[in-house]
Structure formats: structure tokens, C-alpha cells
Amino acid sequence: METDAFFYQLFNQLPQTLFELIGLPAARAKAYRFDSVELKKAFRIDGLFVPKRRTLPLYVEVQFQRVQTFYANLFAKVFSYLEENDPGHDWVAVAIFASRKEEPKDLEPYEDLLQSKRVMRVYLEDLSPLKNPPVGLGLLQLLLASEREAEALVPRLAKKAESGLHDSDLQAKVVELLERLLMIRFPGLTVEDIRMKFKLHDIRESKAWQEIHEQGLAEGRTKGLAEGRAEGDARRLKKIIETLLAKRKSLQEISDLLDIPLDQLRQAMKTPATDKP
């Protein structure tokens, strides 16, 4: 399952989800800035929670990487970041796995760190199903939900986003994130199938949703691609497009799902995979 883009968007839009996931108050997110950083040693950290106060620890989030070098890569990134920024800063790495079977088997070289307070391992299969979860945790539940379970969960999450999130722009982005996740989870369904099956049409056709888009939600996203972080956003968009194309979605379906014009999708496909040296 391609989840990198999903997790980036989840923690970017709902940063409180990380703290809810590890048993800390959601309000703790207000003391952090979610970031993605390039390190000089050819490393990139896409899930970094940087504290606004020096007394709080850094949180580094990583997930779903089914490779034996997972922990070697994780700790290399952590220590490279500390070396380049602040070697005396406290830190915690949060490793998120769908299940225990996805974790690397050869852990002996890392046991001292894994058993310390420096590392928190989360297995989504262990999460207790919640009937009325916060939106972020509900999205994580959806990662492992069956199609039948998703049919019951998705409408509740969409309504909760609509009523519980005060920022109308954020409400719309969360519903779009729901749709993207459903396309990844159930690749046999078209965009239209997903919106009908999971009752997302009602929200998209509501007056509030239409007002959001009339105010320039899609235009604002396009503008973001053209400004300071344009290259990084364009590469992420290209990755999302490639993932959906691999699931046999057409460019038109992807355009409908992401609310991005076809010409912009085609332009994103021309984006270089990495920064030029």
C-alpha cells in the first residue's frame, strides 16, 4: 500500500493525530511545527515535529517501510539531523507499522535504543476500534478496515470533519484525504463508486462545500504549487498521480478526485524526481 503521501497529508492537516496515537493530549500539537527537511548527507525527513520550545523533545515520525534497513535508516536520519541542527536536543522517534509482521526481523543491533524512551513503536492492528474516534485516528482505523467496516466509518468521519473542524478549508481537505485513502484501499472502485458507496456525494453537494470551492480552494492549492515550496509539492503531486495511475485510474478520474485541472496534472508528470544538485 502506498501510504507516504497519505501520512504526510494526515499529519500536515491534522498534526494532533500523532499525539493522540501515542497517548498524549491532542493539544500538545499546538507546541509543534510539522515540517519536512532535507539533510546535507542525502537524507530527507518527511515527518518531523519541531517543538516551538527548546524544553520539548523533537518527534520524528516514520511508517510502513518494509525493508530490513528500516531502523538503520531511521537512526541515521535522526543523528544526522541532530548533528546539523542541535546535538543536545531531546528526541523521540515514532515508528508506525500496520502490523508486527511488517517490522524488520533483525533487531539485535538496535535493541538498546528500541527498549529506551527514545523510540515508540505503534502497531495499528493493536488500536482498539473506536465508535466515535477523532478524525485523524479514524483515518488510521480506515487503513485496516474492511470494505463493510469502511462503509460505516467513512460517513461518520466526514460528518465529524464537517461539524468538528472550524476551518472550512480544512474540512474540505480532510474529505479529499478520505477519498484518496479509499482509492488506495479499494483500487477496484472508481471515484464515482467511492463517492456513492461511502456517501461522500451528499457532503460534496452541500452548500458549505460549494462555498468553499467558490472561495478558491482549488485555486489556492494551485497557487501553492507556484510559490516557494512549488518543487517539493509538485514532486509529491507527481508521486500521488503515479500511484493512482498504477491503480488503473485515468487522468480524468484523478483530476476529478484531486480537483486539479488536467493540464496541471500533465505538467506535474514532467516534474523531475529529485532536486538538481
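Quick summary incoming for the structure in this document. (Residues numbered from 1 in each chain as written. Predicted model: local features only at pLDDT ≥ 70, side-chain atom pairs only at ≥ 80, totals over all residues. Heavy atoms only, no water.)

Where helix α1 (residues 4-13) meets helix α5 (residues 135-144), the closest approach of the two axes is 11 Å, and the angle between their N-to-C directions is 165°. Between α1 and α5, the angle is such that the two are roughly antiparallel. The two elements α1 and α5 cross, and the hand of that crossing is left-handed. Along the contact surface, α1 presents Phe6, Phe7 and Leu10, while α5 presents Gly136, Leu139, Leu140 and Leu143. Its residues assigned to classes, the contact of α1 with α5 shows six nonpolar, one polar and no charged. (Axes fitted to C-alpha atoms, helices over the stretch in contact; angles between N-to-C directions. Helix = DSSP H or I, 4+ residues; strand = E, 2+ residues; numbered from the N terminus. Parallel < 35°, antiparallel > 145°, perpendicular 65-115°, else oblique. Left-handed = near helix turned anticlockwise from the far one by under 90°. Contact = heavy atoms within 4.5 Å. Nonpolar A, V, L, I, M, F, W, Y, C, P; charged D, E, K, R; others polar.)

Once that is clear, we can look at helix α3 (residues 70-85). The α-helix advances 3.6 residues per turn, and as a result positions three or four apart in sequence lie on the same side. With 16 residues, α3 extends 23 Å between its outermost C-alpha atoms, agreeing within 8% with the 22 Å of an ideal straight helix rising 1.5 Å per residue. Within α3 the residues assigned to the buried category are Phe70, Tyr71, Leu74, Phe75, Lys77, Val78, Ser80, Tyr81 and Leu82. (Expected span 1.5 Å × (residues − 1). Buried < 20%, exposed > 50% of the residue type's maximum accessible area, 1.4 Å probe, protein only.)

With respect to the secondary-structure elements, Arg185 resides in helix α7 (residues 168-185). In this structure, Arg185 is buried with no salt-bridge partner, the nearest side chain bearing the opposite charge being Glu149 at 6.8 Å. (Lys, Arg positive; Asp, Glu negative; His and termini not counted. Salt bridge = Lys/Arg side-chain N within 4 Å of Asp/Glu carboxyl O.)

Evaluated as defined, the whole model comprises 18 aromatic pairs. An angle of 20° between the planes, with centres 6.1 Å apart, marks the rings of Tyr71 and Phe75 as stacked. One end of the pair, Tyr71, and the other, Phe75, are both in helix α3, four residues apart, so they sit about a helical turn from each other. Given a relative accessible area of 5%, Phe75 falls into the buried group. Judged by centre distance (6.4 Å) and plane angle (65°), the ring pair of Tyr71 and Phe97 falls under edge-to-face. In this pair, Tyr71 is assigned in helix α3 and Phe97 in strand β4 (residues 91-97), connecting sequence segments 26 residues apart. Overall, the relative accessible area of 1% leaves Tyr71 in the buried class. (Phe/Tyr/Trp six-rings, centres within 6.5 Å; stacked < 30°, edge-to-face > 60°.)

On to the nonpolar core. The biggest cluster of nonpolar side chains holds 61 residues, and the ones touching the most others in it are Phe6, Tyr59, Leu139, Leu140, Leu142, Phe198 and Leu200. Ranked by residue count, the leading element in this core is α7, at eight residues. Excluding anything up to four places from it in sequence, Phe198 contacts Glu147, Ala150, Glu151, Val154, Pro155, Leu182, Phe186 and Leu189. (Core = buried A, V, L, I, M, F, W, Y, C linked by side-chain atoms within 4.5 Å.)

To continue, consider α1. Counting buried positions along α1 gives eight out of 10 residues, so the element sits mostly inside the fold. Taken together, the buried positions of α1 are Ala5, Phe6, Phe7, Tyr8, Gln9, Leu10, Phe11 and Gln13.

Counting through the fold element by element, Lys52 comes out in the loop between β2 (44-51) and β3 (58-63). For Lys52 and Tyr32, which are 20 residues apart along the polypeptide, the C-alpha to C-alpha distance reads 5.5 Å. Setting aside residues no more than four positions away along its own chain, Lys52 makes contact with Lys30, Ala31, Tyr32 and Arg33. Here the side chain of Lys52 touches Lys30 through a polar contact of 3.0 Å, landing on its backbone oxygen. (Polar contact = N/O pair within 3.5 Å; in protein donor to acceptor, adjacent residues only side chain to side chain.)

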